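Chain and residue survey
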There are 2 protein chains.
Amino acid sequence: MSDNNTSAKKPRLDEEAAKPGTADEGMNIAKHGWFTELGSMWPGQGLSLKVKEVLYKGKSKFQDVCVFESDAYGTVLVLDGVIQATDRDEFSYQEMMAHIPLCALEAPAKRALVVGGGDGGVLRELARHTSLEEIHIAEIDGDVPEVSKAYFPGMAVGFNDPRVTLNICDGIKFVQDAAEGSYDVIIVDSSDPVGPAEVLYQQPFFEAMHRALRPGGIICTQAESLWLHMDIIKSLASMCKTVFAGGSVSYAYTTIPTYPSGQIGMMVCCKGQQLDMRQPRQSAPGAHEQLGIGPLRYYSPDIHKAAFVLPQYAYDELKDSLTHV
Amino acid sequence: MSDNNTSAKKPRLDEEAAKPGTADEGMNIAKHGWFTELGSMWPGQGLSLKVKEVLYKGKSKFQDVCVFESDAYGTVLVLDGVIQATDRDEFSYQEMMAHIPLCALEAPAKRALVVGGGDGGVLRELARHTSLEEIHIAEIDGDVPEVSKAYFPGMAVGFNDPRVTLNICDGIKFVQDAAEGSYDVIIVDSSDPVGPAEVLYQQPFFEAMHRALRPGGIICTQAESLWLHMDIIKSLASMCKTVFAGGSVSYAYTTIPTYPSGQIGMMVCCKGQQLDMRQPRQSAPGAHEQLGIGPLRYYSPDIHKAAFVLPQYAYDELKDSLTHV
């Protein structure tokens, strides 16, 4: 792994609040050294992880930011009390979010945009794609890349790719200002639709993305859990079918133990072409040795296809809202 | 749903221990009305469910048995502190454990055996298969069917099928005593390999099952999580490859939020024939209206195939231990 990131400004560690064993309702750090993830989007359930050491606790302009070392999942990034990434399982999400749209394209991607994704993990996956000439990222919270560079070198390595331009800005405005038809792929790696990311689930943002995509281009957006959020997914799918009229709208999911219910899905839409996104058309990308990025760990052409196969209950709920299911 | 089960003897409710809000380390019922599942097989992590009401707490000859009503997942069955089934997501596990082996068979099954599975959920799924003439179940703990009949009518409905014979006995001995080649399918719906179920993961039991199967018959055994138990799965797969020499050994998995890591896998082995279990050969079964069993909610021929597609890391680890991957 590259060590280039260690030069990043080490964010301030609040010694008092950070001590595990200190009751801290705001960050759900339990008295006995456990972090419990409770959230309004998964009432009545919560995953707990044993905390070895709290490494960072801060308040950015937008959210609470916490990093701790866990017993079982390595280093953990938490925003507003919600687990965003852990060393041990983040690759599942990042690989599937990046390679499903990139590999579904008919022609190799040249220009990609990431909205959110400030931890750098999706960038790391994009870095594997040699066809890409430009990789833009619009992250609203400048503290997230800094924290990632300091504590998650394995994800933040994505920032080291010279094709990457980091923009700390409002993602919606960035997309609205982009030239029409200028991106092959837009990936929305956002937190949940409560708090700063709420607007990233609404129609004006999807219309802006549709405009910024080239015909035949693909968006891939974080789209919650089939087990927990069927209503959100269903209305998101219907909205996408309106915005991507004449195109295609599909839903895929991946397994990831530290997200609520152990899985997370993605809405995958193609502009102006009824492309079957369940079919990979580009080869799975390899390692990027210069950046210290190893071989793929989750994605394969077969898992690409399998990710779109919905359990019967989800098929029944979503079949009318999706174009390919 | 049939109401036939309500006549079952209501197990004793220990009022004192059952009160939510009572500290009870043994059952991990937390002070503030949450149940937290901690276990030696998933150190450093634990799922918590908010408890509405503890319905039953007892000690059988083999294990602690607890039933509570949760806020988010309906009624929950807990054995020795480990969640076995919840109203909301049990169908995923039960359907996949039953229909994968039954539908992979070349000829429709006539005789099936369930080892464990005392909650009746796998029986409910077997009841959908009209070809079955006899369904045997060998459950070691007589309290589990009683508790299920009292609190989980939606699972225990499986016991109402007249083709079912319930044997409260040691599953290993039952399989050893079975006539050679007498079963089309054996399903092992066991708890984890710590405590009473440990022997169900060992070679003598698999040899006994191999003997009891007809040539071309299939076993399907609970086989833990790809995210948590790769070592167990790998050695189980290798052992199966030895026992089922000349046959086939595959691994499938399903998503289920209340099992550790949000998924559970199954080892699927065929006797004496290199049958590709990834391919369904029998139609997916329908509802059983007489018993009040509705249509399938998880299983479909497509999800059957997708369940065998391993993420790259799991493929790399298991490809040499499985015959079809």
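Residues numbered from 1 in each chain as written. Chains lettered and ligands numbered in written order. Predicted model: local features only at pLDDT ≥ 70, side-chain atom pairs only at ≥ 80, totals over all residues. Heavy atoms only, no water.

The cut-off we apply is this: UniProt positions are given in the numbering used here, feature names are shortened, and annotations may be inferred rather than shown by experiment.
In the nomenclature of an unreviewed UniProt entry, chain A corresponds to spermidine synthase from the organism Tetradesmus obliquus. According to its UniProt record, chain A has this under Catalytic activity (unreviewed entry): "S-adenosyl 3-(methylsulfanyl)propylamine + putrescine = S-methyl-5'-thioadenosine + spermidine + H(+)". One UniProt comment on chain A, placed under Sequence similarities (unreviewed entry), says "Belongs to the spermidine/spermine synthase family."

Structural notes on the sheet that holds strand β6 (residues 111-116) of chain B
Strands in a sheet are paired, the pairing made by backbone hydrogen bonds, and the direction either parallel or antiparallel. Residues and elements named next belong to chain B. What counts, and what does not: Here a strand pair is declared whenever DSSP counts at least two bridges between the two strands. The helix count covers DSSP runs of H or I at least four residues long, the strand count covers runs of E at least two residues long, and both are numbered beginning at the N terminus. In this analysis an axis means a line fitted to C-alpha atoms, helices contributing only their contacting stretch, and an angle means the value between N-to-C directions, from 0 to 180 degrees. In what follows, residue pairs with any heavy atoms lying within 4.5 Å of each other are defined as contacts.
Pairing is mixed across the open sheet formed by seven strands, whose spatial order is β8-β7-β6-β9-β10-β12-β11. Each having just a single partner strand, β8 (164-168) and β11 (248-255) make up the two edges of the open sheet. Strand-to-strand twist in this sheet, taken as the mean axis angle between neighbours without regard to direction, amounts to 15 degrees. Where strand β9 (residues 183-189) meets strand β10 (residues 213-222), five bridges bridge the pair, whose relative direction is parallel. The partner of Val185 across the bridge, within β10, is Ile218. In this fold helix α7 (residues 203-212) packs onto β6, β9 and β10, with an angle of close to 145 degrees to the strand it touches most, β10. Sheet contacts for helix α8 (residues 230-243): β11 and β12 (263-270); angle to β12, the most-contacted strand, approximately 10 degrees.

Topic: the domain arrangement of chain A
By a frequent convention, interface size equals the accessible area lost on bringing the separate parts together. All names here are of chain A. Under the convention used in this document: Annotation comment: domain bounds sourced from an automatic or database domain assignment. The buried area of a pairing is the accessible area, by a 1.4 Å probe, that goes missing from both parts when the two are put together, added over both. We define a salt bridge as a side-chain nitrogen of Lys or Arg found within 4 Å of a carboxyl oxygen belonging to Asp or Glu. Counted as a polar contact is a pair of N or O atoms within 3.5 Å, where, for protein atoms, one must be capable of donating a hydrogen and the other of accepting one, and residues adjacent in sequence contribute only when both atoms are in side chains. Three categories are distinguished: nonpolar for Ala, Val, Leu, Ile, Met, Phe, Trp, Tyr, Cys and Pro, charged for Asp, Glu, Lys and Arg, and polar for the others, with Gly belonging to the last.
The domain boundaries assigned to chain A delineate domain 1 (23-86) and domain 2 (90-318). Taking the mean C-alpha position of each, domain 1 and domain 2 sit 24 Å from one another. Each side of the interface is counted separately: domain 1 has 26 residues, and domain 2 has 24 residues. Carbon and sulfur atoms make up 67% of the surface buried where domain 1 meets domain 2, a total of about 2100 Å² over both sides. Looking only at domain 1, the three residues that lose the most surface to domain 2 are Met41, Phe62 and Gln84, adding up to 28% of its buried area. For the interface between domain 1 and domain 2, the tally reads zero salt bridges. Counting across the domain 1 and domain 2 interface gives six residue pairs in polar contact (both at pLDDT 80 or more). Every element with two or more residues in the side of domain 1 that touches domain 2 is listed here: β2 (45-59), β3 (64-70), β4 (75-79) and β5 (82-86). Broken down by element, the residue count for the side of domain 1 that touches domain 2 peaks at six residues, all from β2. Partitioned by chemical class, the residues of the side of domain 1 that touches domain 2 number 16 nonpolar, seven polar and three charged.

Remarks on the relation of the copies chain B and chain A
Which entries qualify depends on this criterion: Least squares is used to superpose the copies, and the fit set is the C-alpha atoms of residues whose pLDDT is at least 70 in both copies.
Each copy of the sequence occupies a distinct position, and chain B is placed on chain A by a rotation of 180 degrees and an axial shift of 0.0 Å, giving an RMSD of 0.0 Å. Look at the turn and shift together and you get a two-fold axis relating the two. Interface residue correspondence from chain B to chain A reaches 100%, placing this contact among same-surface, isologous pairings.

Let's talk about the interface of chain B and chain A
Counting residues at the interface gives 39 residues for chain B and 39 residues for chain A. In total, chain B and chain A occlude about 2900 Å² of area from one another, counting both sides; carbon and sulfur atoms represent 63% of this. When the area that chain B buries against chain A is broken down by residue, the three leading residues are Gly44, Trp227 and Gln312 of chain B, summing to 21%. Seen at the junction of chain B and chain A, the total is zero salt bridges. Our count for the chain B to chain A interface comes out at 16 residue pairs in polar contact (both at pLDDT 80 or more).

A few points about the sheet that holds strand β9 (residues 183-189) of chain A
Residue and element names in this part refer to chain A. Pairing within the open sheet is mixed, and its seven strands lie in the order β8-β7-β6-β9-β10-β12-β11. Bordering the open sheet on either side are β8 (164-168) and β11 (248-255), each of which pairs with just one other strand. Ignoring strand direction, the axes of neighbouring strands in this sheet form an average angle of 15 degrees. Relative to β8, strand β7 (residues 134-139) runs parallel, the two being bridged by five bridges. Pairing of His136 across the sheet is with Thr165, part of β8. Running at roughly 160 degrees to β9, helix α2 (residues 90-104) makes contact with β9, β10 (213-222), β11 and β12 (263-270) of the sheet. Against the sheet, helix α7 (residues 203-212) makes contact with β6 (111-116), β9 and β10, and its axis sits at roughly 140 degrees relative to β10, the strand it touches most.

Here's the deal with the pairing of β7 of chain A
All names here are of chain A. Quick note on the threshold: Each residue is placed in one exposure class: buried if its accessible area under a 1.4 Å probe, protein chains only, is under 20% of its type's maximum, exposed if it is over 50%, and partly exposed if it falls in between. Handedness of a crossover is defined as follows: with both strands directed away from the viewer, a clockwise route from the first strand across the helix to the second makes it right-handed.
Counting buried residues in β7 gives five out of six residues, a clear majority hidden from the surface. Bridging between β6 and β7 involves five bridges; their strand directions are parallel. By the bridge assignment for β7, Leu113 is matched with His136. A crossover links β6 with its parallel partner β7, the connecting element being helix α3 (residues 121-126), and its sense is right-handed.

Focus: α2 of chain A
Selection rule: An expected span of 1.5 Å times one less than the residue number is assigned to each helix.
The end-to-end C-alpha distance of α2 of chain A is 22 Å, a good match for the 21 Å that 15 residues give at a rise of 1.5 Å each. Burial of α2 of chain A is extensive: 15 of the 15 residues sit out of reach of the surface.

Focus: the side chain of Thr258 of chain B
Residue placement: Thr258 of chain B occurs in the loop between β11 and β12. One polar contact links Thr258 of chain B to Asp89 of chain B, side chain to side chain, over a distance of 2.8 Å.

Some points on the packing of aromatic side chains
Quick note on the threshold: Paired rings are identified among Phe, Tyr and Trp, the last through its six-membered ring, by centres lying within 6.5 Å, and are further divided according to the angle between planes into stacked (under 30 degrees), edge-to-face (over 60) and tilted (the rest).
Evaluated as defined, the whole model comprises 20 aromatic pairs over all chains. Arranged with centres 6.1 Å apart and planes meeting at 35 degrees, the rings of Tyr56 of chain A and Tyr151 of chain A form a pair that is tilted. Pair noted here: Tyr56 of chain A is in strand β2 and Tyr151 of chain A is in helix α4 (residues 143-151), with a separation of 95 residues, a long-range link. Judged by relative accessible area, which is 6%, Tyr56 of chain A ranks as buried. Look at Tyr151 of chain A and you get buried, because its relative accessible area is 14%. Note on Phe35 of chain B and Phe68 of chain B: the rings are 5.3 Å apart at their centroids and 40 degrees apart in plane angle, and the pair reads as tilted. In this pair, Phe35 of chain B is assigned in strand β1 (residues 34-37) and Phe68 of chain B in strand β3 (residues 64-70), connecting sequence segments 33 residues apart. Given a relative accessible area of 0%, Phe35 of chain B falls into the buried group. On the basis of relative accessible area, Phe68 of chain B is assigned to the buried category, the value being 0%.

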